[in-house]
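Architecture and fold: a report
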Amino acid sequence: MGVALQDTLKNKEPTILKDTVFQLQAVEVNTGYQVLPRERATGSFVQIDSALFNRTVSRNVIDRLDGITSGLIGKTNNKGPRLTIRGRSTIFGNAEPLIVVDNFPYDGDIDNLNPQDVASITILKDAAAASIWGARAGNGVIVITTRKGEFNQKPQVSVNTNLTVTGKPDLYYLPQLTNQQYIEIEKFLFDKGKFNSTINNGWAVLSPVVEVLLQHRNGSIADADMNNMLASIGDYDVRSDLEKYYYRVGTQQQYQFNISGGSKGNRYYISLGYDKNLPNQVTTSDDRLTINTNNTLSLLNDRLTLQTGLVFSINTTDNNLANFTPRYPYERIAGDAGEALSVARTLRAGYVDTVGAGKLLDWHYRPLDELRSDNGAGHTSLNDYRMNLGINYKILPALTAGLNYTYQRGMTRSEELHGVDTYYTRDLINRYSYMNDDGALVRPLPYGGIRYDANTDYRAHYFRGQLNFDKIWDNLHHVNILAGYELKDYQRKYGTVALYGYDPQTATNLNSAINFNEDHAYYYSSSSSKIPAVINNSFQIDRYRSVYANASYTYANRYTLSASARKDESNLFGVNANQKGVPLWSTGIAWDIFKEGFYNLGWLPYLKLRMTYGYNGNVDKSTSAYLTAEVWPSANQWGSRYLVVGNPPNASLRWEKVKNINWGLDFSLKKNILSGSLEYWVKNGQDLIGNSAISPQTGITTYRGNTADVLSRGVDVNLTSTNIANTNFQWHTNLLFNYQKGKVTSYRGLPVSNWDVILIGYNNPVEGYPYYALFSYAYHGLDEEGNPIGQLNGEPSKDYSSIFNNNKLDDLVYTGSAVPIYFGALRNTFNWKGAELSFNITYKFDYYFRRSSLDGAALYSGNYGSGTYQMPDYDLRWQKPGDENKTNIPALVYPVNSYRNNLYMYSEVLVEKGDHIRLQDIKISYTFTQKENRQLPISNLQVYAYASNLAILWKATHIKTDPDNANNIPNPTTYAFGLKANF
């Protein structure tokens, strides 16, 4: 962001900076209710223009925002929403920013929007900026404005296409036991009798290693044969099969065509977009088609304008449902010739080879056959459209009246069809089958495919009537007032159903032949269960009505005072009339210091001071003032359906409120050598929905009500420097610095154990600490036998059970926040003639994560899956006396003491600093223009290349992990190539 001053107060000599490419004066802020010049704004806004927004190549809006604007951060280690603006201001309510598209809240999936239709984005961060949106603005507001045509413009055609290539994920990235180590563990557990009960039941699955060990124990094979067979098993790594058959180089194609233009009384924009995505998983593909049209008519000498718009998108996702998760590190799914091999899952190989004497369906599981067939198919389609209608009439030169209406509808249809030949269907049919007294096979679950349908349908009506007044008197007094009334009706339906015995040719099913209320015995065991009916229906209605007003007064083009007020009422809150609504308001002042007669700092030609104060709101839709209950999807033991109380009545339930204070300073040095803004803010969430204890005589022990408060403080810094600016070469740098720190100041939930605080602390917030506080067990190392030493009542202890159940917070160690306190970016842009090079370096500081380590409970559990072998530190554990002096990793003991194990797994020694600096992306482009290349048949042509997820330049931790995605495989690097042409 830069500053160019083209005029000042008429009685003051103007300072002209004509050589700058950054024009703050030209920036207009769109709040969703009005468009105003930035110099009259008192609140905290960030404007992202089309060039910056489209610098990133991706198929969704959210990915393009992270790392390019102040005050906003993406998700870290799956903590929080996809985007957060200025910290968290709620406990259980919606923490997502409000998304506004073309002046109305958008209730659909934000990924439906085609980012290439976006003209600009405005981030509203404080009360003065966002309070006009009332009860939904507590988390900030993202205002998206889509492209429009221009009056008196010849038709312009634009084409944009690109291809993004994503490398395969590195399946060898995560540390794990070697096959030989894992086999030794299985041998140890076998000798301890861990698998005896499984062996003795005759049907439960055994690993290939245990099968060999059992043969040896039974005398079927000799020692040498056993060793050879185990060595052969250990030679294979399942990751090679996964890499070969289940992953590919991902590709993403984007195509965009649009035409825009206009005459004296009309402007239009029409776009068509298509995206085709083949992600890394070979089982999945998706595509998206978008259509965007809008038109504006100007009539009666520009006194009357009529606006229409229609946006339509179709998203489809296909999945062949053949996902495969290995149970053993040595598992093999393909033979030497690529043939499909059978792997054991629920049942052991020897059992399924002979069970049922040929009357049952094939019970073998061959993952590659599932992958190669089309018998299992999932298909999801999401159709979303918006219709906008608007009319504005200029009653007087200073007074305009407007009526606007938006209709939104989204329909999601998900279908999973498991054909009769899929393992899923064969397993389920066989499971419930039995032999009658005559030896005939009976199938309570009829023969045929299994289809699951899930349908979601939402509809939203928005209506707004608004008056706008804008007038200047004597070039001294500028008054801008708007007032309006809004109605919203949002309805959502959701339903699921399972169809058994399904025939896709005739679209018929045999559900009527099934007794869903009866317990059916399993073929292979004494267990039983009901055949799941999978019937679930829900309906939601949200209705709002709102009145609002906003006013600003500017004197002498130097002093601006703004005020905003809004009252929202909803059917979700309050039994009493005065609690159904919440009044929210804000006020702000701005002082253009540089326009004062006494101001004569030539090196600082632009200086503006801002301050705002007010309240936003937030909604927790999971809580209502009324008694709510839901019909449980399954019957009770007597075969009757029943209701489960979801929320007890709470006549005093109130809306959540967020108090905002913001101080801002905007400045620019001479010739825009350095320009930017500095802001300090405070957010205080009040009357937040939280859990609280209640007398058990009521029939419940906790209820949700207005029982919590949070407090956040922060600093936003946005600086832009012009390092070099001449005719052929320019170099600009943009620095973003953010500081955000919050804590829960009040929470009245029931006391919980330290284990609950550690494991799910965000469901049990601790007063005085951040919402995402990272707590751990205090750890005092190992004793001489390799046992971990914790802390109980302030003293070292090995009473693991008491440590687990202890609720004294003093025995825990608070390390810090699990989300960054400091974060930002440094972006450099170089221009030379038609060429441009830019790269973005992002950073995150002062946050922590818990790393994985040797998990004895998982390793010795006798269960299988990647969690039992994909872990580090096996070789670093305590193995002999004296090791306690060089390691913190406990000895493995059998049988496992889970309390002992958890003490180490959630101890302070496994907490790592997440601080890091990342080379986020690089973009190179070259633009050919017709002015410079007269033989060019088009106005301009840009070719570009873009790469993201490039490298971590520095990190505080020395372990092998990405601090933003700890303990997981990092996202692969992506490379994009494209061109954009304007005709």
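About the cut-offs
Each chain carries its own residue numbering, running from 1 in the written order of its sequence. Note on the predicted model: pLDDT of at least 70 is required for a residue's local features to be given, and 80 or more for side-chain atom pairs to be given and counted; whole-chain, interface and lining totals, by contrast, use all residues. The side-chain values count all of the structure's non-hydrogen atoms but skip hydrogen atoms and water molecules. Following DSSP output, two strands are said to pair if at least two bridges run between them. Labels follow the DSSP assignment, with helices taken as runs of H or I lasting at least four residues and strands as runs of E lasting at least two, numbered in each case from the N terminus. Criterion for a salt bridge: a side-chain nitrogen of Lys or Arg within 4 Å of a carboxyl oxygen of Asp or Glu. Three exposure classes are used, based on accessible area relative to the maximum for each residue type with a 1.4 Å probe and protein chains only: buried under 20%, partly exposed in between, and exposed over 50%. Residues are said to line a cavity or pocket when one of their atoms sits within 4 Å of a point; the points come from a 1 Å grid over protein atoms alone, cavities being sets where a 1.4 Å probe fits but cannot get out and pockets being open sets with protein on both sides within 12 Å along at least five of seven lines. Grid points are joined across faces, edges and corners, and a volume is the space filled by probe spheres set on the points. Residues are grouped as follows: Ala, Val, Leu, Ile, Met, Phe, Trp, Tyr, Cys and Pro are nonpolar; Asp, Glu, Lys and Arg are charged; all remaining types, including Gly, are polar. Patch rule: a residue counts if its relative accessible area is over 30% and it has no salt bridge; like charges are joined within 9 Å, and nonpolar side chains (Val, Leu, Ile, Met, Phe, Trp, Tyr) within 5 Å. Residue-level accessible areas treat just the shown protein chains as cover; the underlying method is Shrake-Rupley with a 1.4 Å probe. UniProt positions are given in the numbering used here, feature names are shortened, and annotations may be inferred rather than shown by experiment. Per-residue confidence from the predictor is given as pLDDT, running between 0 and 100. We call two residues in contact when some of their heavy atoms are within 4.5 Å. Centres within 6.5 Å make a pair out of two Phe, Tyr or Trp rings, where for Trp the six-membered ring is used; the pair is then stacked when the planes are under 30 degrees apart, edge-to-face when over 60, and tilted otherwise. The criterion is that NZ of a Lys, or CZ of an Arg, lies within 6 Å of the ring centre and within 35 degrees of the ring normal, and then a charge sits over that ring.

1. Details of the pairing of strand 23 (residues 536-555)
Direction of pairing for strand 20 (residues 477-502) relative to strand 23: antiparallel, over a ladder of 20 bridges. Following the sheet pairing, H477 is matched in strand 23 by Y555. Where strand 23 meets strand 24 (residues 559-570), 12 bridges bridge the pair, whose relative direction is antiparallel. Within strand 24, the residue paired with Y555 across the bridge is Y559.

2. A few points about the pattern of salt bridges
This structure, assessed with the given rule, holds 43 salt bridges. A salt bridge links D457 to R409, with the shortest nitrogen-to-oxygen separation between them at 2.8 Å. Placement of D457 in strand 19 (residues 449-473) and of R409 in strand 16 (residues 399-418) is noted, with a sequence separation of 48 residues between them. Pair check on accessibility: D457 and R409 agree, each one buried. Its salt-bridge partner being R918, residue D964 comes within 3.7 Å of it at the nearest N-O pair. On the criterion of sequence distance, the pair formed by D964 in the loop between strand 42 (940-955) and strand 43 (974-982) and R918 in strand 41 (residues 916-929) is long-range, its members being 46 residues apart. Judged by its relative accessible area of 9%, R918 is buried. Three or more residues are tied together by salt bridges with common partners; here these are R86, K125, R610, D666, E679 and D716.

3. Regarding empty space enclosed by the protein
Inspection of the entire model under this criterion finds 11 cavities of 30 Å³ or more. If you add up the space inside the largest cavity, you get close to 380 Å³. Every residue lining the largest cavity is counted, 26 residues in all, and those nearest its centre are G87, R88, Q740, Y772 and V819. Elements with a minimum of two residues in the lining of the largest cavity: strand 4 (72-76), strand 5 (79-85), strand 31 (702-725) and strand 32 (729-746). In terms of residue class, the lining of the largest cavity is built from 13 nonpolar, 9 polar and 4 charged. The computed volume of the second largest cavity comes to approximately 190 Å³.

4. Things to note about a nonpolar patch on the surface
A contiguous nonpolar patch, built from L297, L299, L300, Y393, I395, L396 and L467 and spanning about 580 Å² of accessible area, is present on the exposed surface. When residues of the nonpolar patch are traced back to their parent elements, those giving at least two are strand 13 (284-299) and strand 15 (376-396). At 3 residues, the largest contribution of residues to the nonpolar patch is made by strand 15. Tracing the chain through its elements places L300 in the loop between strand 13 and strand 14 (304-319).

5. Focus on the UniProt feature "domain: TonB-dependent receptor plug" (unreviewed entry) in the protein
The UniProt entry lists residues 40-141 under the feature "domain: TonB-dependent receptor plug" (unreviewed entry), expressed in the numbering used here. The straight-line gap between the two end C-alpha atoms of residues 40-141 is 19 Å; of that span, 13% is helix and 30% is strand.

6. Description of the confidence of the model for the protein
Of all residues in the protein, 95% have pLDDT values of 70 or greater, and the mean over the chain is 91. Across residues 1-25, where pLDDT falls below 50, the model places 68 contacts with residues more than four positions away in sequence or in other chains.

7. Considerations on the sheet that holds strand 3 (residues 45-49)
The strand order across the open sheet built from 5 strands is 3-8-9-6-7, with neighbouring strands paired in mixed fashion. Here the strands that pair on one side only, and so sit at the sheet edges, are strand 3 and strand 7 (104-105). The sheet contact formed by strand 6 (residues 98-101) and strand 7 spans 2 bridges and is antiparallel. Looking at strand 7, one finds that V100 is bridged to P105.

8. Quick look at the side chain of N511
Relative to the elements of secondary structure, N511 occurs in the loop between strand 20 and strand 21 (519-521). In this structure, N511 is in contact with A498, L499, Y500 and F516, ignoring residues within four places of it in sequence.

9. Things to note about the packing of aromatic side chains
Under the definition given, this model contains 46 aromatic pairs. Considering the side-chain rings of W363 and Y523, the 6.4 Å spacing of their centres and the 65° angle between planes classify their relative orientation as edge-to-face. In this pair, W363 is assigned in the loop between helix 9 (349-354) and helix 10 (367-372) and Y523 in the loop between strand 21 and strand 22 (528-530), connecting sequence segments 160 residues apart. Accessibility expressed as a relative area gives 22% for Y523, which makes it partly exposed. Grouped by ring-pair contacts, the aromatic residues W203, W363, Y432, Y522, Y523 and Y524 constitute a single cluster. Lying over the aromatic face of F53, R64 brings its terminal NZ or CZ to 5.4 Å of the ring centre.

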